[in-house]
Structures are given as structure tokens and as C-alpha cells.
Amino acid sequence: MVLGAMRGQLLRSSSCAAWARLLRRQSRGCVYSSVHGFNREEIAKKLQVFPGGAVDLLKQESGIAVLTINYPSRMNAFSGSMMVELEERVSQLESWVDGKGVIVQGAAGTFCSGSDLNAVRAISNPQDGVKMCMFMQNALTRLLRVPLISVALVEGRALGGGAELATACDFRLMASGSAIQFVHKHMGLVPGWGGAARLCRIVGGRNALKLLGGALKVDPELGLQIGLADGVLEVPQPEEGAGVVLQQAESWLSQYTKGAAPVIRAVKKVVLSGRELPLSEALRTEKDIFGTVWGGQANLQALASKAKHR
């Protein structure tokens with residue numbers, strides 16, 4: 001047992017460095033950097049000029065965090081300052097070593113209606129628009145790559161950028177009566193926060209073309225049919241009180257987050273590498289991640305209890 005623990009410690013120390021390099025390449029640098037003419041500080045400063053709302057983060061002892069898009073008076077549309085806050089909250093999730101999962105929701109019974117039109121009008125010139133696009137692609141790609149199992153809890157409407165936000169999670173749960181709609185065409189636009197690329201991977205190119213080209217409203221039934229939704233939650237009666245749908249989402253997510261945090265995080269990492277990297281590199285990364293849990297506390301306890309045969 002001692003030798004196994006020592007071997008695990010040595011493997012973890014070397015493979016943590018390998019995973020740190022992968023994170024720097026995939027998450028910290030993300031899609032855009034100064035090499036692509038992107039100045040994060042410059043665009044963040046411009047976005048901060050348009051305040052309103054908040055992005056709240058609650059970390060729970062269960063290891064499941066709740067990320068809330070909170071601007072009810074604007075149907076939880078992202079103001080400029082909220083875009084910056086989202087990036088900051090993602091950074092906190094990336095460094096949360098005890099975390100296992102995260103639920104992304106909107107406040108007051110609606111998910112998110114994209115970006116606040118006041119900010120959109122103010123940065124309507126193509127140069128600033130593209131910079132905002134790059135900023136949000138970075139933030140949402142990092143959210144998708146965070147080493148936690150993530151689920152979007154869609155209540156009410158998820159419109160435009162809100163629909164894109166929903167695709168930046170591993171799973172999507174739709175409350176009864178909710179809808180996801182890529183309304184970009186109605187605004188003379190296409191998705192710019194990475195939603196089209198992610199949508200193709202979730203539902204396939206043909207369905208993505210239908211949703212984007214037709215600006216189709218996806219209800220829970222259609223969401224399940226095409227694979228955009230992973231489950232449907234019933235909205236409770238008003239007398240049952242607030243927070244019931246969130247409790248249902250936490251219960252649904254807990255089936256995938258039971259166990260030690262290092263193991264759950266390793267599961268997300270191997271799936272992430274398999275999803276995004278070429279096969280040979282994904283295999284090497286899987287080997288490195290395997291080394292972080294082999295001989296670890298959860299592995300040794302499972303061997304001692306013969307959990308494999310239960």
C-alpha cells in the first residue's frame with residue numbers, strides 16, 4: 001500500500017505538470033490571445049463602461065456550484081460588465097480544487113436573452129463587435145473546458161446569446177414550458193460566441209442548419225428529440241415554493257458527481273481531451289490524467305473495499 005501511494009504521488013506530480021500545460025494551451029490562452037491581435041484588458045475596459053446586472057457564483061459543500069446570470073429587468077441579458085464578471089467567475093471555477101459540478105441558471109425563472117441591446121448598439125462598429133465576440137468566445141470556451149461537469153438549467157427563454165451559453169455546458173436540462181431559440185437571423189446576425197460550432201457538435205450539422213436558418217423555437221420535446229436537451233424538469237406549482245427546479249437539477253447532476261472530486265475532475269478531463277484533441281495526443285493526455293488518480297486515496301480505498309465487484 002505504501003509503495004502504491006508513493007507511486008501515485010510521483011505520477012501525480014509529473015502528470016499535474018502535463019495537465020497544467022494542457023490547461024494553459026486550452027483554457028488560459030483559450031481561443032484568442034495577443035497572437036491573434038486580441039487585447040483582453042482593452043476590450044474588458046470597454047465592456048465595463050456598460051454596467052448592469054451581475055453574474056453570481058455560489059460554491060456548495062456538495063462540490064456543485066451554482067452560476068446565476070442575474071439581470072431580471074433585462075431578461076438576464078449580458079451587460080458589458082456581466083461579460084467581464086462571467087470570465088472572472090470561470091476563473092474561480094477553474095481554480096476550485098474541491099469542485100465537481102456546476103449548474104448554470106438564470107435568475108427569476110428565465111435563462112438568458114443574450115446581450116443587452118444598450119451595449120450592443122454602443123459597440124455596433126465591426127471592430128469592437130469582433131473584439132466582444134472574441135472575448136465571449138474565450139469565456140464560454142473556458143466554461144466548457146472547466147474541469148467540472150456542467151449543466152445548463154434552462155427555465156423560461158434562452159434566446160440568441162443565451163442559447164449559445166446553454167451550448168457551453170456539458171448537459172442541458174429544460175424546464176417544462178421553456179424554449180431555446182437561436183434568434184440571430186432575426187437580428188441580421190449569426191452566432192458569434194461559439195454557439196454555432198458547439199451546436200453542430202451537439203445536434204449535428206443538418207439540425208444545426210435548421211435551428212439557425214429557421215430560428216426555430218426548441219421546446220423540451222424537440223430538444224430531447226434532436227439531443228439538445230438531456231432531460232426535462234417539471235415546473236412546480238407556485239405553492240411549492242421557489243428553488244424546486246434547481247433542487248431537481250442538483251439531484252440530476254449528482255448522479256454524475258458522486259465520488260471523490262479528483263476522480264470526477266479526471267473524468268471530465270479525459271472526456272475533454274478525447275473530444276478536442278487528435279487521437280494520439282488524446283491518448284497521451286489520458287495516460288497523464290490516469291497517473292493523477294492511480295494510487296490515489298480513492299483508488300486505494302476502492303481496492304481495499306473491492307468496490308469493483310459491487
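Residues numbered from 1 in each chain as written. Predicted model: local features only at pLDDT ≥ 70, side-chain atom pairs only at ≥ 80, totals over all residues. Heavy atoms only, no water.

Enquirer: Whenever I open this one, the packing of aromatic side chains confuses me. Can you help?
Expert: For any pair of aromatic rings, geometry is given as the distance between the ring centres together with the angle between the planes. Under the definition given, this model contains five aromatic pairs. For the pair F78 and W193, a centre-to-centre distance of 5.9 Å together with 85 degrees between the ring planes defines the contact as edge-to-face. Linking F78 in the loop between β2 (64–70) and α3 (80–94) with W193 in the loop between β7 (179–181) and α7 (195–203), this pair joins segments that are 115 residues apart in sequence. Members of the aromatic cluster, joined through ring pairs, are F171, W252 and Y256. (Phe/Tyr/Trp six-rings, centres within 6.5 Å; stacked < 30°, edge-to-face > 60°. Helix = DSSP H or I, 4+ residues; strand = E, 2+ residues; numbered from the N terminus.)

Enquirer: Where do I start with the pairing of strand β6 (residues 171–175) in this structure?
Expert: In the case of a regular strand, side chains alternate between the two sheet surfaces. For β6, a buried count of four out of five residues is recorded, marking the element as mostly surrounded by other parts of the structure. Direction of pairing for strand β4 (residues 149–154) relative to β6: parallel, over a ladder of four bridges. Considered in β6, the bridge of A152 is made with R172. In this sheet, strand β9 (residues 231–233) lies alongside β6 in parallel orientation, the contact comprising three bridges. Looking at the pairing, M174 lines up with V232 of β9. (Buried < 20%, exposed > 50% of the residue type's maximum accessible area, 1.4 Å probe, protein only. Pairing = 2+ DSSP bridges.)

Enquirer: Sorry if this is basic, but what is going on with helix α12 (residues 279–293) here?
Expert: Given 3.6 residues to a turn, an α-helix orients residues that are three or four positions apart in the same direction. The end-to-end C-alpha distance of α12 is 21 Å, a good match for the 21 Å that 15 residues give at a rise of 1.5 Å each. Those residues of α12 lying buried are A282, T285, I289, G291 and T292. After α12 finishes, the residue G295 shows a positive phi value of roughly 80 degrees. (Expected span 1.5 Å × (residues − 1).)

Enquirer: Just to check I follow, could you spell out the sheet that holds β2 for this structure?
Expert: Strand pairing in a sheet is mediated by backbone hydrogen bonds. Such pairs are either parallel or antiparallel. Pairing is mixed in the open sheet, where six strands are placed in the order β1-β2-β3-β4-β6-β9. Strand pairing shows two members of the sheet lacking a second neighbour, β1 (54–59) and β9, which therefore form its edges. Averaged over all pairs of adjacent strands, the angle between strand axes in this sheet comes to 20 degrees, irrespective of strand direction. (Axes fitted to C-alpha atoms, helices over the stretch in contact; angles between N-to-C directions.)

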